[in-house]
Amino acid sequence: NITLPPLAVNGISVTIRKLVESIRSMADIVELGTLDVRMANFLIKCLRGRLNILFSGGTGTGKTTTINLLSAYIDEGERVVTIEDTLEFNLKQGNLVRLLTRPADLEDKGEVDLRYLFTNSLRMRPSRIILGEIRGAEAMDYLQALNCGHKGTLAVPHASTPTDALSRLETMAMFAGLELPSWAVRRQIASSLHLIVQHEQLMDGSRKITCISEVAGIENNEIMLKDIYR
């Protein structure tokens, strides 16, 4: 990411996000203490069981790394479609389609956003869809796809807790302008989403999966979460 003056007041700013090449398997992040071996085995089984999982956390907390490492356990026979704003996923599957958004040009034309790519991906007969980051109205299309039977979908929202992740998902779904009541959106979330994996970067710089929570239905119009690991 390059920011130039006058937007960058103190001069040109260059930011390079680079994945650590020494981290190549789930065993590596177990050794680093990001999670323990029970959590790793549990996530692998959930992935193979085709659960719909959110990987939540702030910027740079390790969400993309976790998805990259878990993707090694996706069956080679599955057709995987990834959708991103910036190319960060590094999946090794042979049957892989990588989709990338396109910003508008100087005449404000030609934009291809996440929502368009997600809708188009549903026509590509995907076994799994991996969504780089949910940040707007595509949240509603994501929920609709899950409720229509798409399984094994992985997605990333930015949120500081599993509860905040669900709240953000509900709010972003409202951006679609379908004028659905909040209770209807919550029911869609509760009936289609299975698991939230929460990532954090601690004060000492280490990255941890601090919580794995199950979406346990809805009660009194509130989505219930049950911590499996904390």
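Everything discussed here concerns the structure shown above.
These figures come from a predicted structure and were not determined experimentally.

Per the secondary structure count, the protein chain includes seven helices and 10 strands. Relative to a compact globule of 230 residues, whose C-alpha radius of gyration would be 17 Å, the protein chain shows 18 Å and is just as compact. The principal-axis extents of the C-alpha atoms in the protein chain amount to approximately 50 × 45 × 40 Å. A burial count over the protein chain gives 43% of its 230 residues as buried. The contacts of the protein chain with a sequence gap of at least 6 include a subset with a gap of at least 24, amounting to 56%. Counting every atom, the protein chain has about 12,600 Å² of accessible surface; 51% of that belongs to carbon and sulfur.

On to the sheet that holds strand β6 (residues 128-131), then. With mixed pairing, eight strands are arranged side by side in an open sheet as β5-β4-β6-β7-β3-β8-β9-β10. Each edge of the open sheet carries a strand with a single partner, namely β5 (96-100) and β10 (222-229). With two bridges joining them, β6 and strand β7 (residues 154-155) adopt parallel strand pairing. Pairing of Leu131 across the sheet is with Ala155, part of β7.

All right, on to helix α5 (residues 138-147) then. Burial of α5 is extensive: eight of the 10 residues sit out of reach of the surface. Those residues of α5 that sit buried are Glu138, Ala139, Met140, Asp141, Tyr142, Leu143, Ala145 and Leu146. Buried residues belonging to α5 abut β3 (53-57), α4 (114-121), β6, β7, α6 (162-174) and α7 (182-192). Gly149 sits one or two positions beyond α5 and adopts a positive phi of about 110°.

As a further point, take the environment of Ser167. Turning to its location among the elements, Ser167 is positioned in helix α6. Considered as a pair, Ser167 and Ile12 are 155 residues apart in the sequence and their alpha carbons are 36 Å apart.

Right, let's get into the side chain of Thr82. On the secondary structure map, Thr82 appears in strand β4 (residues 80-84). We classify Thr82 as buried; its relative accessible area is 2%. When sequence neighbours within four positions are dropped, the list of residues in contact with Thr82 reads Phe89, Leu91, Leu96, Val97, Arg98, Leu99 and Ile130.

A separate point is the pairing of β10. Across six bridges, the pairing between strand β9 (residues 207-219) and β10 is antiparallel. Across the sheet, Glu219 pairs through a bridge with Glu222, a residue of β10.

Put simply, Pro5 and Pro6 share a cis peptide bond, and its omega is 5°. Tracing the backbone shows Pro6 in the loop between β1 (2-3) and β2 (13-14). One non-glycine residue, Asp108, lies in positive phi territory at about 60°. Among the secondary structure elements, Asp108 is positioned in the loop between β5 and α4. Taking the relative accessible area as the measure of exposure, Asp108 reaches 64% and is therefore exposed.

What follows concerns a negative patch on the surface. Together, Asp105, Glu107, Asp108, Glu111 and Asp113 make up a region of like negative charge exposed at the surface. Looking at the element boundaries, Asp105 is found in the loop between β5 and α4.

Here we take up the nonpolar core. Formed by 33 residues in total, the largest nonpolar core has its most connected members in Ile83, Ile134, Tyr142, Leu169 and Leu193. Those elements that place two or more of their residues in this core are β4, β5, α4, β6, α5, α6 and α7. Top contributing element to this core by residue count: α5, with six residues. Contact partners of Ile134, with chain neighbours within four places excluded, come to Leu54, Ala139, Tyr142, Ala155, Val156, Pro157, Leu169 and Met172. Judged by nonpolar contacts, the second largest core, of 26 residues, contains Ala40, Cys46, Leu70 and Ile74.

For the rest of this paragraph, the subject is the packing of α6 against α7. Any two packed helices are characterised by how steeply their axes cross, that is the angle between the axes, and by the distance between the axes. For the pair α6 and α7, interaxial distance at closest approach is 10 Å and the crossing angle is 125°. In terms of axis orientation, α6 runs oblique to α7. The hand of the α6/α7 crossing is right-handed. Counting all contacts with α6, which are made through Leu166, Leu169, Glu170, Ala173 and Met174, the residues of α7 involved are Ser182, Val185, Arg186 and Ile189. Of the residues contributing to the contact of α6 with α7, the split by class is six nonpolar, one polar and two charged.

Conventions used here
- Residues numbered from 1 in each chain as written.
- Predicted model: local features only at pLDDT ≥ 70, side-chain atom pairs only at ≥ 80, totals over all residues.
- Heavy atoms only, no water.
- Helix = DSSP H or I, 4+ residues; strand = E, 2+ residues; numbered from the N terminus.
- Rg over C-alpha atoms; globule rule 2.2 N^0.38 Å.
- Buried < 20%, exposed > 50% of the residue type's maximum accessible area, 1.4 Å probe, protein only.
- Contact = heavy atoms within 4.5 Å.
- Areas by Shrake-Rupley, 256 points an atom, 1.4 Å probe, with all protein chains shown as cover.
- Pairing = 2+ DSSP bridges.
- Patch = residues over 30% accessible without salt bridge, like charges linked within 9 Å, V, L, I, M, F, W, Y side chains within 5 Å.
- Salt bridge = Lys/Arg side-chain N within 4 Å of Asp/Glu carboxyl O.
- Lys, Arg positive; Asp, Glu negative; His and termini not counted.
- Charge placed at Lys NZ, Arg CZ, Asp CG, Glu CD.
- Core = buried A, V, L, I, M, F, W, Y, C linked by side-chain atoms within 4.5 Å.
- Axes fitted to C-alpha atoms, helices over the stretch in contact; angles between N-to-C directions.
- Parallel < 35°, antiparallel > 145°, perpendicular 65-115°, else oblique.
- Left-handed = near helix turned anticlockwise from the far one by under 90°.
- Nonpolar A, V, L, I, M, F, W, Y, C, P; charged D, E, K, R; others polar.

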